[in-house]
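Coordinate analysis (summary)
The primary structure of each chain is shown beneath.
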Amino acid sequence: MDALIQRLRAVVGEAGCLASDEERFVYECDGLTLEATRPRAVVLPESTDQVRAIVRVCREAGVPFVPRGAGTGLSGGARPVPGCVLIECSRMDRILEVNVADRIAVVQPGLVNAQLSEAVRPHGLFYAPDPSSQQACTIGGNVAENSGGPHTLKYGTTTNHVLAVELVLPDGEVARYGSATGLAEGFDLVGAVVGSEGTLGIVTEVTVRLVPIPEGIATLLAIFPDVVSACRAVGEMIGGGLVPAALEIVDQRTIRAVEDSVYAAGLPRDAGAILIAELDGAACELPPQVARVREASERCGASRVQVAADERERLEFWRARKGAFGAMGRLAPDLYVHDAVVPRAKLPEILEAVCAIGDRYGLKLSNVFHAGDGNLHPNISFDRRDPGELERVLAAGREILETCVRAGGVITGEHGVGVEKRDYMKLVFDDDDLLPMIHLREAFDPDRSCNPGKVIPTTRFCTEADPKARGYDAVPLG
Amino acid sequence: MSVSGAGSTLRSVLERELGTGALAGGEAGPIEIEPAEPDALAAALRVMGEAGGRARVRGRGTWDGLGNLAPDVDVVLSTRGLYGVTELDTQDGVALVRAGTTLDDLVRTVAPHGWEVPLGAPPEGSVGGALAVAAIGPRRLGQGPPRDCVLGLEVALATGERTRCGGRVVKNVTGFDLAKLYTGSFGCLGVIESAWLRLRPRPESVAGCVAPLRGGADDLALAIEAARRPTARCAALVDPERARAIGLETESAVLLVELAGSGPGVQGDLAWLSSRASASTVDPEAIDALGRSLVEPPPPGGARARLAMLPSSCVRAVRALRESGARLVVHAGLGIVHADWDAAAEAVDAAARIAIAVGAEARFEHLPDEHKRGRDVFGVGADRRAVVARMRALKRRFDPAGVLNPGRFLGHV
């Protein structure tokens, strides 16, 4: 047997190390399925000590290692690199502490996001970052990607809720950064680790902030003749000083897909777009805010604005939004979910440009997005078996990103760079801008053994940066 | 090249690069440079790196007293000349601000458009300085930490490259989050030229109120409850001496609260406070005065420490701090305590002992130089070896020649 596998099994046991073809096949990609690479082995540690031992085995063997949560990431951040050991953290899924008085929780990285909110709900608290995949994605994965979600608009992304982390560094040492107090002395190393896509170490424990469940919630559904009108309404709300918890837009193509699916929410199929606006806070604050949302929507052409009468109706409104990606399966066998951000005020013109790009390439492009953040998700439904279609999808995707960057935006708002957008980084940053990112990476992992080939594109510094130069074979780097 | 004896060489190189008129001082102390453009700032850094010069980076001097005793520097590099609000998007509520701009000017620029700046630094201080030290003020409860309002930064590296990170949009994971790393790094990794800041809508209603306290553990419980009201953006327990110093007439400690939000929300929380304590309204200017008083140095010979702990530890910490003779401002909802002692010798012992006992992160915000000697003012109490090790690794890569603010931050980085 492979000596490396033997050593890994000595750490995690037979059942904790997957090495057969069939077992490894499951892990050859994450939520970005356009390309796949089978790892040399998959290990399932149950403790920080085991992660540390695995990292040390990998280092001694000169093998790169890649951390993975639930594999729901959409940018290939957890995609294996050739010859790597994939460290799957799903068995480290415990809530270690809930401190209700101080509103914090300490969790392991494999805990599923939604389970944390579920666990603390009896205490009147919740964990705010709520990615669309929150029923499956893990806190560790959220930390790696700095995940957001529909309620980012008011509550911020993962980085605003992580107070401290324990991580196994790429040299096998264990370090703790940050403080449960939220005010740690020294450089903000937690801020650097969150969103680093598993390239600075393997997070093994996370201390998070919990927030109180708001006293009141008001959810509105507004029906618009087109996406551009809905975007204008969002601009009016934000520009007018409203800070809703969420402002989400779903376009017509998505509405129809949803209404044809098991997620059907009774939306009018001829609606050009719907806007879901959610407000929360003290009960006495909500009625005037509801009125402002209604007024802005009607001024911008909404034909109907409905306030959810109860929790059942509220969930019904959200069904259309949350079921959108599932419903896309009706349109085509493959789905490419894009992610870009533009200044909010430019949403109307960018949406028009994005749709025009989709039309020009003859693609089924639909939009479901976090309008309040200017965070677009153009979704392209396609069939990779059709000759040339994947190439058109990728070309259209690049044009969409270029359009967003020209408008002052960026290439990803919540999915991360991973491998998907690594080579698009230069649309936003030049070599000088990338230099401190390389410094940061190398201050943690000078050998680039931890999740190599992600985030940072090939640069003039690539001789040092390229893990191939350090003996890792065939790692795709630019 | 050593610092002493290198002055004239460094000066001539800097003059050649920047022009004779760009330099001041230098005869008895460090050379002073105040670039008006970022290119000149970057050029100065590059020259210093090549010539072995060391620089202290300075905004408007607000935080001069903060930090460890550091080696003498060749150059004081001021960002005062980088001034102005370069861009203001009134619809999105974001602004690009040059580092030397005063907070007051920024606030005055954005306020007419319905926005405010969630930074807790003194109005006369620079935005760059506030970000470099991650300044927090009395409204941190409502404003959040400074890192939360930084969307992107333009930074001159110690090696002279001008770089950007983040961006102008409110949600962004394009590459590593360097803006978080730079914010609060004391200018050790680079010099902030400009910042994209996320503004906040000005609240519809703001109210200040003050309630006398009885003195006991219930005071802190009340302060925590007040801090958790939806519209609370400041809820500070203030000892009587400081309360009087900021213009409040009281014989006892007080709970000083500021509420901000919608009209009904503020009124609701005011009613709650009135029912729980004998609260009376006060001009919110009292909150500004509290903030100023926490930046001004204590009387000569005195010291001030900041301890950050879990709110549930505040009772124990406050009792111990008072027993040590400290006067306190306690943001109980945040677990932040500012403690002033008349005698620094008492402070250095008490702060470390109490920080360890309650698991607090602690620093000295003001400490006489003779007490700073041989001490790390950011390393009070807890063991920070893992953090310092990584800070040093970062410093070596970002600033290999050790140009920027040598020795001043945690671990004498």
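Whatever comes next refers back to the structure up there.
Residues numbered from 1 in each chain as written. Chains lettered and ligands numbered in written order. Predicted model: local features only at pLDDT ≥ 70, side-chain atom pairs only at ≥ 80, totals over all residues. Heavy atoms only, no water.

Next up on the list: the interface of chain B and chain A. Each side of the interface is counted separately: chain B has 65 residues, and chain A has 82 residues. Considering only the surface of chain B that becomes buried against chain A, Lys171, Val173 and Phe176 of chain B emerge as the three largest contributors, covering 16% of it. Linking chain B with chain A are seven salt bridges, by the criterion used here. One salt bridge in this structure joins aspartate 188 of chain A and arginine 147 of chain B, with 2.8 Å as the shortest N-O distance. (Contact = heavy atoms within 4.5 Å. Buried area = accessible area lost by both parts, 1.4 Å probe. Salt bridge = Lys/Arg side-chain N within 4 Å of Asp/Glu carboxyl O.)

Residue and element names in this part refer to chain B. Going through the model one piece at a time under the given rule, you end up with 61 salt bridges over all chains. A salt bridge links glutamate 15 to arginine 11; its shortest N-O distance comes to 3.3 Å. Placement of the pair is glutamate 15 and arginine 11 together in helix H1 (residues 7-18), with a separation of four residues, close to one helical turn. A residue is classified by how much of its surface remains accessible, and glutamate 15, at 24% relative accessible area, is partly exposed. You can call arginine 11 partly exposed: its relative accessible area is 23%. Across the pair arginine 58 and aspartate 64 runs a salt bridge whose closest N-O atoms are separated by 2.6 Å. Residue class for arginine 58 comes out partly exposed when judged on its relative accessible area of 29%. (Helix = DSSP H or I, 4+ residues; strand = E, 2+ residues; numbered from the N terminus. Buried < 20%, exposed > 50% of the residue type's maximum accessible area, 1.4 Å probe, protein only.)

A few words now on the sheet that holds strand E15 (residues 280-282) of chain B. In a beta sheet, neighbouring strands pair by backbone hydrogen bonds and run either parallel or antiparallel. All names here are of chain B. Across the sheet, which stays open at both edges, the nine strands sit in the order E15-E12-E14-E13-E17-E18-E16-E19-E20 with antiparallel pairing between neighbours. Looking at which strands have only one partner, the edges of the open sheet turn out to be E15 and strand E20 (380-381). In terms of strand pairing, strand E16 (residues 303-308) meets strand E18 (residues 336-341) through six bridges, oriented antiparallel. Residue pairing for E18: alanine 303 is matched across the bridge by tryptophan 341. Contacts from helix H10 (residues 285-295) reach strand E13 (232-238), strand E14 (254-261), E15, E16, strand E17 (327-331), E18 and strand E19 (361-366), with the element oriented near 120° to E14. Of the strands in this sheet, E13, E16, E17 and E18 touch helix H11 (residues 314-323), which is tilted by about 165° from E17. (Pairing = 2+ DSSP bridges. Axes fitted to C-alpha atoms, helices over the stretch in contact; angles between N-to-C directions.)

With that out of the way, let us pick up helix H3 (residues 48-61) of chain A. Taking 1.5 Å of rise per residue, the 14 residues of H3 of chain A would be expected to cover 20 Å, and the 20 Å separating its terminal C-alpha atoms lies within 8% of that figure. For H3 of chain A, the complete set of buried residues consists of Thr48, Gln50, Val51, Ile54, Val55, Val57 and Cys58 of chain A. (Expected span 1.5 Å × (residues − 1).)

What follows deals with the sheet that holds strand E4 (residues 85-88) of chain A. Residues and elements named next belong to chain A. Pairing is mixed in the open sheet, where four strands are placed in the order E1-E2-E4-E3. The strands lining the two open edges of the sheet, one partner per strand, are strand E1 (17-18) and strand E3 (65-68). Where E3 lies against E4, four bridges are found, and the strand directions are parallel. Counterpart to phenylalanine 65 in the pairing with E4 is valine 85. Against the sheet, H3 contacts strand E2 (41-43), E3 and E4, and its axis sits at roughly 170° relative to E4.

Time to look at unusual backbone geometry. With a phi close to 50°, asparagine 451 of chain A is a non-glycine residue in the positive phi region. With respect to the helices and strands, asparagine 451 of chain A occurs in the loop between helix H16 (431-444) and helix H17 (462-465). Positive phi, close to 45°, is recorded for asparagine 405 of chain B, a residue that is not glycine. In this fold, asparagine 405 of chain B is placed in the segment after helix H14 (385-398). Judged by relative accessible area, asparagine 405 of chain B falls into the buried class, the value being 4%.

Once that is clear, we can look at the environment of alanine 55 of chain B. Residue and element names in this part refer to chain B. Assignment of secondary structure puts alanine 55 in strand E3 (residues 55-58). Note on alanine 55: relative accessible area 0%, which makes it buried. The sequence separation of alanine 55 and glycine 175 amounts to 120 residues, and the corresponding C-alpha distance is 29 Å. Each residue touching alanine 55, except ones within four places of it in the same chain, is listed here: Met48, Val73, Val75, Val403, Leu404, Asn405 and Pro406.

On to the pairing of E14 of chain B, then. All names here are of chain B. Within E14, eight of the eight residues are buried, which leaves it mostly tucked inside the rest of the structure. Pairing of strand E12 (residues 205-212) with E14 involves eight bridges; the strand directions are antiparallel. Within E14, the residue paired with cysteine 209 across the bridge is valine 257.

At a minimum axis distance of 9 Å, the contact between H16 of chain A and H14 of chain B shows a crossing angle of 140°. Classified by the angle their axes make, H16 of chain A and H14 of chain B are oblique. With respect to the hand of their crossing, H16 of chain A and H14 of chain B are arranged in right-handed fashion. On the side of H16 of chain A, the interface is formed by Pro436, His439, Leu440, Glu442, Ala443 and Phe444 of chain A, while H14 of chain B contributes Arg390, Ala393, Leu394, Arg397 and Phe398 of chain B. Residue composition of the contact of H16 of chain A with H14 of chain B, by class: seven nonpolar, one polar and three charged. (Parallel < 35°, antiparallel > 145°, perpendicular 65-115°, else oblique. Left-handed = near helix turned anticlockwise from the far one by under 90°. Nonpolar A, V, L, I, M, F, W, Y, C, P; charged D, E, K, R; others polar.)

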